[in-house]
Amino acid sequence: MKAVHFGAGNIGRGFVGLLLHEGGYELVFSDVAASLVDAINAASEYTVHEVGDGGTDTVVTGFRAINSATDPQALIDEIATAEVVTTAVGPTILRFVAPHILAGLALRDPSRPPLQVMACENAIGATDTLRDEIREQAGDAWDAISNRAVFANTAVDRIVPAQPEGAGIDVTVEPFFEWAIERPPFADAPPHIPGAHFVDDLAPYIERKLFTVNTGHAATAYFGARAGVEKISDALADPSIVSRVSAALEETSALLVAVHGWDAAELAEYRATILRRFANPALPDTVGRVGRQPLRKLSRHERFIGPAAAAAERGLATTALVEAIGAALEFDEPDDEQSVEMQRRLRAEDAATFTAAVTGLEPSHPLFAAVEAVVAQRQSEL
Ligand SMILES: NC(=O)C1=CN([C@@H]2O[C@H](COP(=O)(O)OP(=O)(O)OC[C@H]3O[C@@H](n4cnc5c(N)ncnc54)[C@H](O)[C@@H]3O)[C@@H](O)[C@H]2O)C=CC1
Ligand SMILES: O=P(O)(O)OC[C@H]1O[C@](O)(CO)[C@@H](O)[C@@H]1O
């Protein structure tokens, strides 16, 4: 069995690639970073180091890498004969991997079982986004090849920080992981990934993950950056940050109970576990990495506006989430393009224009005025 994985970065090597390897797949990484592709091809194994309580080391073997920018045909040939394709490239990059998958499907022997495609990104419906992109790029050719692939949404959870200098292709990760995958698209032949959890309906899982783990992690990063702290674990040593993050997560949990019927006590336990995960002092994770791309994180269906808007529509509390949004607006990282762009736009646009454009909220939305107020507050400080 062969899996082609787009994005040989942190989550690619430290989580998705590792679990595919453990499921018995031969691994073909695809990336556009030439030095990373060369380093992978120069190695016969790499180690995933779990750090923190209960952490162990696992050695991954049986992989190679292809640079899709310089050798697209080799990649297309691999996709045509693979069982599985996964991605961990970032949601905005999916449209650039779509042409390779499309070309692989066009070349695929129609008698082969369908290619199993799963995007492993922090976004709701990322695989649907990828499929829609492939379908659009295929145009009229789609009808003839659409039955050569099945597409399943997934939710991936493991903290994989930026890797220390000199680590090579080894990866340091936290011990915890969760990979929830939609089962229905596979009918009776799901991929063989022993560590994954197949579910009939992914929505409760992806929303619980994105609106708890990612809301909480990003809020920690933004409150930590405001306090001048560099490490995520140090931010959580500050009780005032813990209390702000916890308050925001109590609001998202109330929403998850209302929308999906999650058990409140189970969610309280889930929140406590993730706060312990974030506070893992052995993880070299920074507020800069976790807060990266604030414009994406403040967009309509993402970890802050998504749950806050849905909560406001139901008359549920949003005060702590709006406070976290206020902290996000202060994120000023010269190395992060979106942070630079956000600070520029905060200076150039009026509060209502900025709020509507960045968050995608209609001015008539019940959350709009509260977000506009924190935008105006931030602008008054600039
Ligand atoms: N790092 C983490 O803890 C987690 C990350 N994720 C998600 O996984 C995705 C990747 O995140 P990371 O691994 O942290 O980022 P990363 O930056 O370490 O890895 C992304 C990789 O994609 C490659 N890439 C960029 N364009 C490409 C293209 N056109 N074709 C093939 N490869 C390409 C980059 O060169 C890089 O090696 C994101 O969507 C992120 O939200 C999800 C859960 C946890
Ligand atoms: O690109 P994003 O959305 O910041 O993804 C990375 C985030 O996902 C997480 O892995 C949580 O699953 C965190 O490590 C990190 O905050």
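Residues numbered from 1 in each chain as written. Chains lettered and ligands numbered in written order. Predicted model: local features only at pLDDT ≥ 70, side-chain atom pairs only at ≥ 80, totals over all residues. Heavy atoms only, no water.

### Remarks on the overall build of the protein
Argument step 1. Looking only at helices and strands, the protein features 17 helices and 12 strands.
Argument step 2. Looking at the protein residue by residue over its 382 residues, the buried ones come to 53%.
Argument step 3. Expressed as a percentage of contacts within the protein between residues at least 6 apart in sequence, the contacts between residues at least 24 apart total 72%.
Argument step 4. Within the protein, the 54 negative side-chain charges are centred at a point lying 1 Å from the centre of the 30 positive side-chain charges. (Helix = DSSP H or I, 4+ residues; strand = E, 2+ residues; numbered from the N terminus. Buried < 20%, exposed > 50% of the residue type's maximum accessible area, 1.4 Å probe, protein only. Contact = heavy atoms within 4.5 Å. Lys, Arg positive; Asp, Glu negative; His and termini not counted. Charge placed at Lys NZ, Arg CZ, Asp CG, Glu CD.)

### Examining the UniProt feature "domain: Mannitol dehydrogenase N-terminal" (unreviewed entry) in the protein
Argument step 1. According to UniProt, the feature "domain: Mannitol dehydrogenase N-terminal" (unreviewed entry) maps to residues 1–193 in the numbering used here.
Argument step 2. With 32% helix and 26% strand, residues 1–193 has its two end C-alpha atoms placed 12 Å apart. (UniProt positions renumbered as here; feature names shortened; annotations may be inferred.)

### Overview of the UniProt feature "domain: Mannitol dehydrogenase C-terminal" (unreviewed entry) in the protein
Argument step 1. Sequence positions flagged by UniProt for "domain: Mannitol dehydrogenase C-terminal" (unreviewed entry) are, in local numbering, residues 201–343.
Argument step 2. Across residues 201–343 one finds 70% helix and 0% strand; the C-alpha atoms that close the span lie 39 Å apart.

### A look at the packing of helix H14 (residues 319–329) against helix H17 (residues 368–381)
Argument step 1. Close contact between H14 and H17 brings their axes to 9 Å; oriented N to C, the two are set at 35 degrees. The way H14 lies across H17 gives a crossing that is right-handed. Here Val322, Ile325, Gly326 and Leu329 of H14 lie close against H17, whose contacting residues are Ala370, Val371, Val374, Val375 and Arg378. (Axes fitted to C-alpha atoms, helices over the stretch in contact; angles between N-to-C directions. Left-handed = near helix turned anticlockwise from the far one by under 90°.)

### Digging into the pairing of strand E4 (residues 57–61)
Argument step 1. Note that strand E3 (residues 45–50) and E4 share 5 bridges and pair antiparallel. Paired with Glu45 across the bridge in E4 is Thr61. (Pairing = 2+ DSSP bridges.)

### Digging into the domain arrangement of the protein
Where the parts come together, the accessible area they lose is often given as the size of the interface.
Argument step 1. Domain annotation for the protein reports domain 1 (2–201) and domain 2 (204–381).
Argument step 2. Its C-alpha centre places domain 1 at a distance of 28 Å from the equivalent point of domain 2.
Argument step 3. In this assembly, 25 residues from domain 1 lie in contact with 24 residues from domain 2.
Argument step 4. A buried area of about 1,900 Å², summed over both sides, lies between domain 1 and domain 2, and 64% of it is on carbon and sulfur atoms.
Argument step 5. Looking at the side of domain 1 facing domain 2, the largest losses of area belong to Asn122, Ile124 and Ile159, adding up to 31% of the total buried there. (Domains from an automatic or database assignment. Buried area = accessible area lost by both parts, 1.4 Å probe.)

### Examining the nonpolar core
Nonpolar side chains tend toward joint burial in soluble globular proteins.
Argument step 1. Within the largest apolar cluster, 49 residues are counted, with the highest numbers of intra-cluster contacts made by Phe278, Leu298, Phe304, Leu329, Met342 and Leu367.
Argument step 2. It is H14 that contributes the most residues to this core, 8 residues altogether.
Argument step 3. Setting aside residues no more than four positions away along its own chain, Phe304 makes contact with Thr215, Ala218, Ala219, Tyr222, Lys297, Leu298, Ala324 and Ile325.
Argument step 4. Leu36, Val84, Val160 and Ile193 belong to the second largest nonpolar core, which has 34 residues in total. (Core = buried A, V, L, I, M, F, W, Y, C linked by side-chain atoms within 4.5 Å.)

### With respect to the site of ligand 1
Argument step 1. What surrounds ligand 1 is a group of 25 residues, the closest being Asn10, Ile11, Asp31, Glu121 and Val160.
Argument step 2. The fraction of the free accessible surface of ligand 1 (830 Å²) that becomes covered by protein chains is 83%.
Argument step 3. Elements supplying a minimum of two residues to the shell around ligand 1: helix H1 (10–22) and strand E2 (26–31).
Argument step 4. Its residues placed into classes, the shell around ligand 1 shows 13 nonpolar, 7 polar and 5 charged. (Near = heavy atom within 4 Å. Areas by Shrake-Rupley, 256 points an atom, 1.4 Å probe, with all protein chains shown as cover. Nonpolar A, V, L, I, M, F, W, Y, C, P; charged D, E, K, R; others polar.)

### Regarding the site of ligand 2
Argument step 1. Asn122, Arg289, Arg296, Lys297 and Arg303 are the nearest of the 14 residues found near ligand 2.
Argument step 2. With respect to ligand 2, the side chain of Asn214 contributes an N or O atom lying 3.1 Å from an oxygen atom.
Argument step 3. Across the complex, the protein chains shield 93% of the 390 Å² of accessible surface that ligand 2 would expose by itself.
Argument step 4. Only helix H7 (203–226), helix H11 (287–290) and helix H12 (294–297) provide two or more residues apiece to the shell around ligand 2.
Argument step 5. Top element by residues in the shell around ligand 2 is H7. It accounts for 4 residues.
Argument step 6. Its residues assigned to classes, the shell around ligand 2 shows 3 nonpolar, 3 polar and 8 charged.
Argument step 7. Two domains each put at least three residues into the shell around ligand 2: domain 1 (2–201) and domain 2 (204–381). (Polar contact = N/O pair within 3.5 Å; in protein donor to acceptor, adjacent residues only side chain to side chain.)

### Looking at the pattern of salt bridges
Argument step 1. Scanning the model with the defined rule gives 21 salt bridges in all.
Argument step 2. The salt bridge partner of Arg135 is Asp132, with a shortest N-O separation of 2.9 Å. Highlighted residues: Arg135 and Asp132, both in helix H5 (residues 126–138), separated by 3 residues, approximately one helical turn.
Argument step 3. A relative accessible area of 32% places Asp132 in the partly exposed class.
Argument step 4. With a shortest N-O distance of 2.8 Å, Asp157 and Arg277 are connected by a salt bridge. With Asp157 in strand E9 (residues 154–157) and Arg277 in helix H10 (residues 264–278), the pair connects residues that are 120 residues apart, well separated along the chain.
Argument step 5. You can call Arg277 buried: its relative accessible area is 6%. (Salt bridge = Lys/Arg side-chain N within 4 Å of Asp/Glu carboxyl O.)

### Some details on the sheet that holds E3
Argument step 1. The strand order across the open sheet formed by 3 strands is E4-E3-E10, and the pairing between neighbours is mixed. Among the strands making up the open sheet, the edge pair consists of E4 and strand E10 (171–173). The mean angle between the axes of side-by-side strands here comes to 25 degrees, regardless of whether they run parallel or antiparallel.

### What to know about the environment of Ala69
Argument step 1. Relative to the elements of secondary structure, Ala69 occurs in the loop between strand E5 (63–67) and helix H3 (72–80).
Argument step 2. Each C-alpha atom of the pair Ala69 and Ala144 lies 27 Å from the other, and the pair is 75 residues apart in sequence.

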